[in-house]
Amino acid sequence: MKRGTILPAALLVLVWLISIASAQKIASVPATSSVTMIRAGALIDGESNSPRRNVIITVRGNMITDVSDAGASIPTSFPAGVTFIDLSGATVLPGLIDAHTHIFLQGEVPAEGGYDVQLLKYPLAFRAARATVSARRARQGFTALRDMETEDAGYGDVGIKMAIEGGYIPGPRLFVSTRAISTTGGYPLEGYAPEIEVPKGVQIIDGPVEARKAAREQLDHGADWIKVYMTHRSWVSNNGVGKDGELVSQPTLTVEELRAIVDETHGWRKKVACHAYGGEGLQRALDGGCDSIEHGLVLTDAQIAQMIRQGTWLCPTLSVYYGDWAAADTPEGKRDRKRASEHEVSFRKAVKAGVKIAFGTDMGGIPWTESIAQEFPRMVEFGMTPMQAIQSATSRAAELLEMKGRLGLIAPGSYADMVAVSGDPLADIRILENVGFVMKDGKVFKNELASKN
Ligand SMILES: [Zn+2]
């Protein structure tokens, strides 16, 4: 802002401000609260089914206070205290939400030692340092993450969240699930000599008493969600147990064990996410009252009906099942292909039936260097409209997080988390892989698109 031009510019702006609905509110802004006005060429607000054109979004401090039609003439400079960001050539959307990530996991790249090396050889400080980098990568437009467990990095996610909220490191809003829970025989590390005690990627429980205690511990230490692994290994059946060629996965917790966790967690007014591929384990997840099914590779019609009846969410994470397939003629290769093909069928059925779906990727299982938004084209390929896919990562994901109206939405009363892309993501959803503007909590983190006064 050029100080020499304040007076005439201020008069012009005043006339213009009065012409839009937010004028009176701006006049009463406390001197301490910064005001930013963003002009959006197009606005996809996260909830409405069609975009608006030529809109002014007013941000005061960290909140959106007004969304109005911009009108015809826009002044070129603004008085002190108002920052104007011109995104008139861009599409503005709410900050995106990835509801399934692992900031403490780094891609499980076999050449780098895969999953095991991260638990066996990396000091926790090294893993925490890398988690801060993961969290920063998430600002490819993803301003909130539901992080789905630390993989034996204890309560590290609570610490990273504290550092972000305290302003010590940049990062998205984190909803954390700490250690996660499975049973004996239900999670790696495994395959080592029985005489050697190796760390496990989760807290192991056996029996409803231990299950409830684990949930209490995790909630007490800061878990926003409880994550439970309801299935473990999966393979294509070829030994006469079950139908040949069927994707089978090993169930873990009993319904009683899960019920103890769900009962405890709901008492704390928190929710339970269940990793479940299909079959018996997924059925137990539904019968035990899980709030969200993670992955859901094989969903029967009856299970989809049960999800709708119970209001259960599906967080599908499609893309992660399309990378790193083993050779086609190996049992692992057959399993990898079967997982993907079954998943597509289940996802299409769930979309059609109206199951509540939240966007999730399993980043961390996918290297953090890759694009988080790669999930969008996969969702559209398998039956969602581009608008449905966008809503799954905005208003729907916010609903999953109990943040309806506060995140995933551009409207008065929402936190000022927003992103912008040049072009129309409804015409080409891949545009979301190139977010050029990111604001979180009213602060601009990235701006490669806009001119600013
Ligand atoms: Zn995961």
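As the structure is a computational prediction, the values presented were derived from the model and not from experiment. (Residues numbered from 1 in each chain as written. Predicted model: local features only at pLDDT ≥ 70, side-chain atom pairs only at ≥ 80, totals over all residues. Heavy atoms only, no water.)

Asks: Go over the packing of aromatic side chains, please, and point to the residues and values.
Replies: Going through the model one piece at a time under the given rule, you end up with 8 aromatic pairs. Ring centres of Phe 359 and Phe 376 lie 4.5 Å apart, and the angle between their planes is 35°; this geometry places the pair in the tilted category. Taken together, the positions of Phe 359 in the loop between strand E16 (356-357) and helix H11 (375-381) and Phe 376 in helix H11 put the pair 17 residues apart, joining distant regions of the chain. Among the residues examined, Phe 376 registers a relative accessible area of 0% and is labelled buried. One aromatic cluster in this structure is built from Phe 142, Phe 359 and Phe 376. Over the ring of Trp 225 we find Arg 146, and its NZ or CZ is 4.6 Å from the ring centre. Of note, Arg 378 hangs over the ring of Tyr 322, and the distance from its end group to the ring centre comes to 4.0 Å. (Phe/Tyr/Trp six-rings, centres within 6.5 Å; stacked < 30°, edge-to-face > 60°. Helix = DSSP H or I, 4+ residues; strand = E, 2+ residues; numbered from the N terminus. Buried < 20%, exposed > 50% of the residue type's maximum accessible area, 1.4 Å probe, protein only. Lys NZ or Arg CZ within 6 Å of the ring centre and 35° of its normal.)

Asks: Give me the lowdown on the pairing of strand E4 (residues 82-94), citing residues and values where you can.
Replies: Bridge analysis of strand E1 (residues 35-43) against E4 gives 8 bridges, and the strand direction is parallel. The partner of Arg 39 across the bridge, within E4, is Asp 86. With 4 bridges joining them, E4 and strand E17 (residues 418-421) adopt antiparallel strand pairing. Along E17, the bridge assignment pairs Thr 91 with Val 421. (Pairing = 2+ DSSP bridges.)

Asks: Quick one: what's the story with helix H9 (residues 301-310), residue by residue and with numbers?
Replies: If you check which residues of H9 are buried, you get Gln 303, Ile 304, Gln 306 and Met 307. End-on, the buried residues of H9 take up no more than an arc of 160°, which puts them together on one face. Projecting away from the buried face of H9 at angles above 90 degrees are the exposed residues Asp 301, Ala 302 and Arg 309. The inward-facing, buried residues of H9 contact helix H8 (279-287), strand E14 (292-295), strand E15 (313-315) and helix H10 (331-353). The first or second residue beyond H9 is Gly 311, which carries a positive phi of 75°. (Arc of directions from axis to C-beta. Contact = heavy atoms within 4.5 Å.)

Asks: An account of the pattern of salt bridges is needed here, citing residue identities and associated values.
Replies: On inspection of all chains with the given rule, the structure shows 19 salt bridges. Taking the shortest distance from any N to any O, the salt bridge between Asp 69 and Arg 52 comes out at 3.2 Å. Highlighted residues: Asp 69 in strand E3 (residues 63-69) and Arg 52 in strand E2 (residues 52-60), separated in sequence by 17 residues. With relative accessibility at 33%, the residue Arg 52 sits in the partly exposed group. (Salt bridge = Lys/Arg side-chain N within 4 Å of Asp/Glu carboxyl O.)

Asks: Please give an account of the sheet that holds strand E7 (residues 173-176) that cites residues and values.
Replies: Taken in spatial order, the 3 strands make up an open sheet running E5-E6-E7, and their pairing is parallel. Here the strands that pair on one side only, and so sit at the sheet edges, are strand E5 (96-101) and E7. The average angle at which neighbouring strand axes cross in this sheet is 15°, direction not considered. As defined by bridge partners, E5 adjoins strand E6 (residues 142-147) across 4 bridges and the pair is classed as parallel. Paired with Ile 97 across the strands is Ala 144, a residue of E6. Against the sheet, helix H5 (residues 156-165) touches E6 and E7, its axis set at about 160° to E7. (Axes fitted to C-alpha atoms, helices over the stretch in contact; angles between N-to-C directions.)

By themselves, these figures tell us nothing about what the structure is for.
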